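# Architecture at a glance
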Protein chains: 2
Amino acid sequence: MAKTVEQIAKALGISITTVRLVLNGKAGQYRISAKTQSKIDSYVAEYGYTINHAARSLKLNKTDTLGLIIPRLSNLFFSTLAEKLEIRCREAGYQLTTSCTYSDTERENTLVETMQQRNVDGLFVVPSSLQAQNHHLKRFTKPLVFLDRDFSDSEVALVVSDNVNGSAALTTAMIDAGKLPLFFMAGDIQQPTIRQRLQGFTDVLAGHGISENSAWVLTARHNRREDGQLLMQRFFELHQDAPPAFIASSLPVLEGALNVLRERYGYIPVEMNIGTFDEHPMLGFLPNNTWSMRQDEDAWVEHAFQAMTLGMEGETSPGKSVIPMTLTHRRRAAV
Amino acid sequence: MAKTVEQIAKALGISITTVRLVLNGKAGQYRISAKTQSKIDSYVAEYGYTINHAARSLKLNKTDTLGLIIPRLSNLFFSTLAEKLEIRCREAGYQLTTSCTYSDTERENTLVETMQQRNVDGLFVVPSSLQAQNHHLKRFTKPLVFLDRDFSDSEVALVVSDNVNGSAALTTAMIDAGKLPLFFMAGDIQQPTIRQRLQGFTDVLAGHGISENSAWVLTARHNRREDGQLLMQRFFELHQDAPPAFIASSLPVLEGALNVLRERYGYIPVEMNIGTFDEHPMLGFLPNNTWSMRQDEDAWVEHAFQAMTLGMEGETSPGKSVIPMTLTHRRRAAV
DNA sequence: GTGAAAGCGCTAACAC
DNA sequence: GTGTTAGCGCTTTCAC
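Values in this document were obtained by computation on a predicted structure and should not be read as measured data.

Right, let's get into the packing of aromatic side chains. Inspection of the entire model under this criterion finds 18 aromatic pairs over all chains. Relative to W216(B), the ring of F183(B) has its centre 6.1 Å away and its plane inclined at 55 degrees; by these criteria the two rings are tilted. Highlighted residues: F183(B) in strand β6 (residues 183–188) and W216(B) in the loop between α9 (192–207) and β7 (217–220), separated in sequence by 33 residues. Across the pair, exposure class does not vary: F183(B) and W216(B) are buried alike. Sitting over the ring of F236(A), R264(A) keeps its end group 3.8 Å from the ring centre.

This part takes up the interface of chain B and chain A. On the side of chain A, 64 residues touch chain B, which itself brings 64 residues to the contact. Buried surface at the junction of chain B and chain A, both sides included, amounts to about 5100 Å², of which 57% is carbon and sulfur. Inspection of the chain B/chain A interface yields 2 salt bridges. A salt bridge links E83(A) to R72(B); the shortest N-O distance between them is 3.1 Å.

The next subject is the domain arrangement of chain A. Looking at the assigned domains, one finds that chain A contains domain 1 (5–51), domain 2 (63–160 + 297–322) and domain 3 (163–296). Computed from C-alpha coordinates alone, the two centres of domain 1 of chain A and domain 3 of chain A are separated by 65 Å.

Moving on: the nonpolar core. One finds F246(A), L258(A), F246(B) and L258(B) to be the most contacted residues of the largest nonpolar core, which totals 92 residues. Contacts of F246(A), omitting those with residues within four sequence positions, involve M174(A), L182(A), F183(A), M185(A), M232(A), L254(A), A257(A), L258(A), M272(A), N273(A), I274(A) and G275(A). F78(A), V301(A), Y94(B) and A299(B) belong to the second largest nonpolar core, which has 56 residues in total.

Another point: helix α12 (residues 297–312) of chain A. Each α-helix turn comprises 3.6 residues. Residues three or four places apart therefore point the same way. The end-to-end C-alpha separation of α12(A) is 22 Å, in line with the 22 Å expected for 16 residues at 1.5 Å each. Trailing α12(A) by a residue or two, G314(A) shows a phi angle of about 85 degrees, which is positive.

Turning to the protein's contact with DNA strand D, a few remarks are in order. Near DNA strand D there are 22 residues, and of these R20(A), S15(B), T17(B), R31(B) and K59(B) occur at the shortest range. The sugar and phosphate moieties of DNA strand D supply 65% of its atoms located within 4 Å of the protein. At a separation of 3.4 Å, a base nitrogen of DNA strand D approaches a polar backbone atom of A55(A). Of all elements in the fold, only α4 (53–60) of chain A together with α2 (16–23) and α4 (53–60) of chain B reach the threshold of two or more residues within the surface near DNA strand D. The greatest single-element share of the surface near DNA strand D, amounting to 4 residues, is contributed by α4(A). For the surface near DNA strand D, the per-class residue count stands at 10 nonpolar, 7 polar and 5 charged.

At an RMSD of 0.1 Å, chain B and chain A line up after a rotation of 180 degrees and a shift of 0.0 Å along the axis. Here the copies are linked by what is in effect a two-fold axis. Looking at chain B, 100% of its interface residues are interface residues in chain A too, so the copies touch through the same face.

Moving on, we get to the sheet that holds strand β10 (residues 289–294) of chain B. Residue and element names in this part refer to chain B. With mixed pairing, 6 strands are arranged side by side in an open sheet as β7-β6-β8-β9-β10-β12. Looking along the sheet, the strands with just one partner apiece sit at the ends: β7 and β12 (326–330). Recorded for the sheet is a direction-independent mean angle of 15 degrees between the axes of neighbouring strands. Here β6 pairs with strand β8 (residues 245–248) via 3 bridges, running parallel.

Bringing empty space enclosed by the protein into the picture now. Taken as a whole and judged by the stated rule, the model has 1 cavity of 30 Å³ or more. A volume near 350 Å³ is recorded for the largest cavity. Looking at the largest cavity, it is lined by 22 residues, and the ones nearest its centre are T65(A), R118(A), H53(B), T65(B) and R118(B). The set of elements that each furnish at least two residues to the lining of the largest cavity consists of α4 and β2 (95–100) of chain A together with α4, β2 (95–100) and α6 (105–117) of chain B.

With that out of the way, let us pick up the pairing of β2(B). Residues and elements named next belong to chain B. Judged by how many residues are buried, β2 sits mostly within the fold: 6 of 6 residues are covered. Because side chains alternate across β2, one face comprises the buried residues Q95, T97 and S99, and the other comprises L96, T98 and C100, equally buried. With 6 bridges connecting them, strand β1 (residues 65–70) and β2 associate as parallel partners. Across the sheet, I70 pairs through a bridge with C100, a residue of β2. Handedness of the β-α-β unit built from β1, helix α5 (residues 76–91) and β2 comes out right-handed.

If you check helix α9 (residues 192–207) of chain A, its first and last C-alpha atoms are 22 Å apart, about what 16 residues at 1.5 Å a residue would give, namely 22 Å. One or two steps after α9(A), the chain reaches G209(A), where phi turns positive at roughly 70 degrees.

In this structure the tally under the stated criterion is 26 salt bridges over all chains. Overlapping salt bridges bring together R88(A), E91(A) and E302(A) as one network.

Analysis parameters
- Starting afresh in each chain, residues are numbered from 1 along the sequence in its written order.
- Chains and ligands are labelled by the order in which they are written, letters from A for the one and numbers from 1 for the other.
- With pLDDT at 70 or above as the cut-off, local features in this predicted model cover only qualifying residues; side-chain atom pairs require 80 or more to be listed or tallied, and sums for whole chains, interfaces and linings still use all residues.
- As a rule here, side-chain values cover all heavy atoms of the structure and leave hydrogens and water aside.
- Centres within 6.5 Å make a pair out of two Phe, Tyr or Trp rings, where for Trp the six-membered ring is used; the pair is then stacked when the planes are under 30 degrees apart, edge-to-face when over 60, and tilted otherwise.
- Helix and strand labels come from DSSP, where a helix needs a run of H or I of at least four residues and a strand needs a run of E of at least two; each type is numbered from the N terminus.
- For every residue, the accessible area (1.4 Å probe, protein chains only) is compared with the maximum for its type, and the residue is labelled buried under 20%, exposed over 50%, or partly exposed between those bounds.
- Two conditions define a charge sitting above a ring: the NZ of Lys or the CZ of Arg must be within 6 Å of the ring centre, and it must be within 35 degrees of the ring normal.
- Any pair of residues with heavy atoms lying within 4.5 Å of one another is described as a contacting pair.
- Summed over both partners, buried area is the accessible surface (1.4 Å probe) that two parts give up on being assembled.
- Counted as salt bridges are all cases of a side-chain nitrogen of Lys or Arg within 4 Å of a carboxyl oxygen of Asp or Glu.
- For the domains described, the bounds stem from an automatic or database domain assignment.
- Only buried residues count toward a nonpolar core, which is a set of Ala, Val, Leu, Ile, Met, Phe, Trp, Tyr and Cys residues joined through side-chain atoms within 4.5 Å.
- Between the first and last residue of a helix there are one fewer steps than residues, each counted as 1.5 Å, and that sum is the expected span.
- Nearness here has a simple test: a residue counts as near a molecule or strand if at least one of its heavy atoms is within 4 Å of that partner.
- The definition of a polar contact used here is a pair of N or O atoms within 3.5 Å, where within protein one atom must be able to donate a hydrogen and the other to accept one, and adjacent residues in sequence count solely through side-chain atom pairs.
- For this classification, the nonpolar set comprises Ala, Val, Leu, Ile, Met, Phe, Trp, Tyr, Cys and Pro, the charged set comprises Asp, Glu, Lys and Arg, and every other residue, Gly included, is treated as polar.
- Least-squares superposition of the copies uses the C-alpha atoms of those residues scoring a pLDDT of at least 70 in each of them.
- Any two strands with at least two DSSP bridges between them are considered paired.
- Axes, fitted as lines to C-alpha atoms, cover a helix only where it is in contact. Angles between the N-to-C directions of the axes lie from 0 to 180 degrees.
- Using protein atoms alone on a 1 Å grid, points that fit a 1.4 Å probe yet trap it form a cavity, whereas open point sets bounded by protein on both sides within 12 Å along at least five of seven lines form a pocket; residues with an atom within 4 Å of a point count as lining.
- Grid points are joined across faces, edges and corners, and a volume is the space filled by probe spheres set on the points.
- With strands facing away from the observer, any crossover in which the path from the first strand over the helix to the second runs clockwise is taken as right-handed.

In structure tokens, the structure reads:
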């Protein structure tokens, strides 16, 4: 097993070049004798041959590997994205290697350096901040495609969802269904994605002439379950009852918020109207009216991979791709 | 940027060895002059130095990379496992690279060959079948640690949950709460994990002198949402009403089963008692009594990494690790 | 049709 | 304290 080209050649008493030509399928092209070919073939069938990827990389200065750096894999949106991107990369002959930052900027920077050392041919990154993004641009010397966070740097290759319009559509759908007042439980509004979702919300409310909307917005520091809990706890410091309708800025925030309700009441009030970003089959477990605004991972992958291909071909950056979102409504369960 | 050791040495007019010693932190040990050191340091500060990992790998015949092959990342259990294993590997200085099989044996075999070519130092695999497992053992020449599927091959390094006892405990808890009859909706019972869960169930029922339990078991071909749907549809071909209590053999099966109920009734009957394997925060969205049997990813990671370490140190296989599961009960929501 | 040789950037062993 | 060298296994180029 795992013979090298040289070992095969020596064992068979033929030259390295000949073996190589056969192994690379160039036998016909160079008119290698059938006898030599079958000698090589049967040797390989017996002992096997595994190309040494490190040697190839060293010579060609490419690894046929792409990197993906995301906040966490245990977030369904990112794990789905990783899955689909891996499939797309493999189709094109690339191995994708994924690592998580856990929203730690230092870790993120380290990961980029690691990817650089390992000489990946290109890198997809969800950057935690504009500084981090600039760090990567400086340190990483091959094509970079940024995902999910729009820091308004028009030069970079970037794929994001159309969060402003998606949020506006979600808000409009809930208002049209008569669900007012409508609260918005936002995680970290420093983060562009969340900020844009909040903006879509306030835009629509302003368009409806609702000026008190700032009272309907609650914000937290991060986007985790715990932040959702804090948000709902804060809500109860300000109000007597559960909100008749609210939007969570992401699924973990929703999980935390509903958890507080269930602890407080022993149940989740069924008459409550719930909006959220990101879709999940388990939203159907809720008996409530729910609206979820889904991000289109397939379109993300196509745009991101296309941008990477252009970058690797040396084209200039394709700039920003803004992917539309789609709304899923689940009607309140009959009783 | 990205100078090689040789370039640095030439630019500074000193020898490659000297530069190397400084870069590797051996300056003190070999008493390199402070002047030389600072010359090198400032050059690196200016132009940077990125080690060429391919060259290092080629020379040392190791990549400081481990592979992980799982069915899918969009399954929360596996994505959590991947996350925690990545963290553990990085602590020990290894990069983890994860790929998915989508339960396709051929793809799985290809992935193992790819990992072999890329010369990963070791491989964690969730094998789709005993044949696949044997294929890997034959083709992969470095340490292998298998996960999640117990094909009763006592020689291999393997980490699994204690599915038989876990399932027995789950079944017992539901029976003790008076939830009979209790149905079991199983996905693919060819797969050892599912078979063992089913076995824990039938064992307990037999222990309670319930002989008709075979009528309470429904099985499907795979373990996906669609299979859960089929199972619940089949249930309704045999019964008039929704099951008063049932156990799903995994979360996707549960999602599919509940989906059918919601379609049929417009709601999920709140008096139904639900058991499932794998824990998820969104199970709290259900107003029902639920019991979920969780797998302990942290323990999996510790045992798996330990087994890998032993393998890399050339020790003999540590054999099978069986990890206990823990039960979470959510009480039916008050009204 | 087949062979030989240089070189990718690193490590390790040895020389001065 | 510093310098030289061989060689990991591959690709590419040129030679016969």
